[in-house]
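Single-letter residue listing:
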Amino acid sequence: MARPTKAQMQQSWNARKSQAFKDMKKTQMEYYMRAKLIEVGVNPKSAIYRWSVERSGDRETWTYSAYWADSKEELLKQEQQTSNSTPG
């Protein structure tokens, strides 16, 4: 069975929460993601991380994703292709 090469975590809250609350949650999510990677035997420094935020009504869902090994290489290729195809 192949080992996973990416992970993500999500949290949702009211979009009107203060920026201080959001900053605290962001820091917590980064900490827990890195701790989880260590737990499963992945060096957190070898991974790359991406944030996304989705808004639906008065709710925000923040997703923090980590990519390493094959998933990291694939994501970097996709991002490079996207940046190369953007007119500039």
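The rules behind these values
Residues numbered from 1 in each chain as written. Predicted model: local features only at pLDDT ≥ 70, side-chain atom pairs only at ≥ 80, totals over all residues. Heavy atoms only, no water. Helix = DSSP H or I, 4+ residues; strand = E, 2+ residues; numbered from the N terminus. Buried < 20%, exposed > 50% of the residue type's maximum accessible area, 1.4 Å probe, protein only. Contact = heavy atoms within 4.5 Å. Salt bridge = Lys/Arg side-chain N within 4 Å of Asp/Glu carboxyl O. Phe/Tyr/Trp six-rings, centres within 6.5 Å; stacked < 30°, edge-to-face > 60°. Lys NZ or Arg CZ within 6 Å of the ring centre and 35° of its normal. Expected span 1.5 Å × (residues − 1). Arc of directions from axis to C-beta.

Remarks on the environment of Ala7
Positionally, Ala7 belongs in strand β1 (residues 6-14). Judged by relative accessible area, Ala7 falls into the partly exposed class, the value being 26%. Considering only alpha carbons, one finds Ala7 and Tyr49, 42 residues apart in sequence, at a separation of 9.6 Å. Beyond its immediate sequence surroundings of up to four residues, Ala7 is in contact with Met33, Tyr64, Ser65, Ala66 and Trp68.

So, the pattern of salt bridges
Scanning the model with the defined rule gives four salt bridges in all. In this structure, Lys22 and Glu60 form a salt bridge, with 3.2 Å as the shortest nitrogen-oxygen distance. Here Glu60 lies in strand β3 (residues 59-67) and Lys22 lies in helix α1 (residues 19-39), a separation of 38 residues in the sequence. Residue Lys22 is classed as buried on the basis of its relative accessible area, which comes to 9%. Judged by its relative accessible area of 3%, Glu60 falls in the buried class. Taking the shortest distance from any N to any O, the salt bridge between Glu60 and Arg55 comes out at 3.3 Å.

As for the packing of aromatic side chains
Counting across every chain of the model gives six aromatic pairs. Each ring, one from Tyr31 and one from Tyr32, has its centre 5.4 Å from the other, and the planes form 80°; the classification is edge-to-face. One exposure class covers both Tyr31 and Tyr32, and it is exposed. Judged by centre distance (5.5 Å) and plane angle (10°), the rings of Tyr49 and Tyr64 are stacked. Of this pair, Tyr49 sits in strand β2 (residues 48-56) while Tyr64 is found in strand β3, placing the two residues 15 residues apart along the sequence. Both residues of the pair, Tyr49 and Tyr64, count as buried. Aromatic ring contacts, followed pair by pair, group Trp13, Phe21, Tyr49, Trp51, Trp62 and Tyr64 into a single cluster. Over the ring of Phe21 we find Lys17, and its NZ or CZ is 4.9 Å from the ring centre.

Let's talk about unusual backbone geometry
Backbone geometry at Ala69 places phi at a positive 55°, although glycine is not the residue there. By the element assignment, Ala69 lies in helix α2 (residues 69-85).

Thoughts on α1
Between its first and last C-alpha atoms α1 spans 30 Å; for 21 residues at 1.5 Å apiece the expected length is 30 Å, and the two agree. Along α1, the residues that are buried comprise Lys22, Lys25, Met29, Met33 and Leu37. Each buried residue of α1 lies within a common arc of 100° when the element is viewed along its axis, so the set occupies one face. Away from the buried face of α1 by more than 90 degrees, exposed residues Ala20, Tyr31, Ile38 and Glu39 are located. Contact partners of the buried residues in α1: β1, β2 and β3. Residue Gly41 follows α1 closely and has a positive phi angle near 90°.

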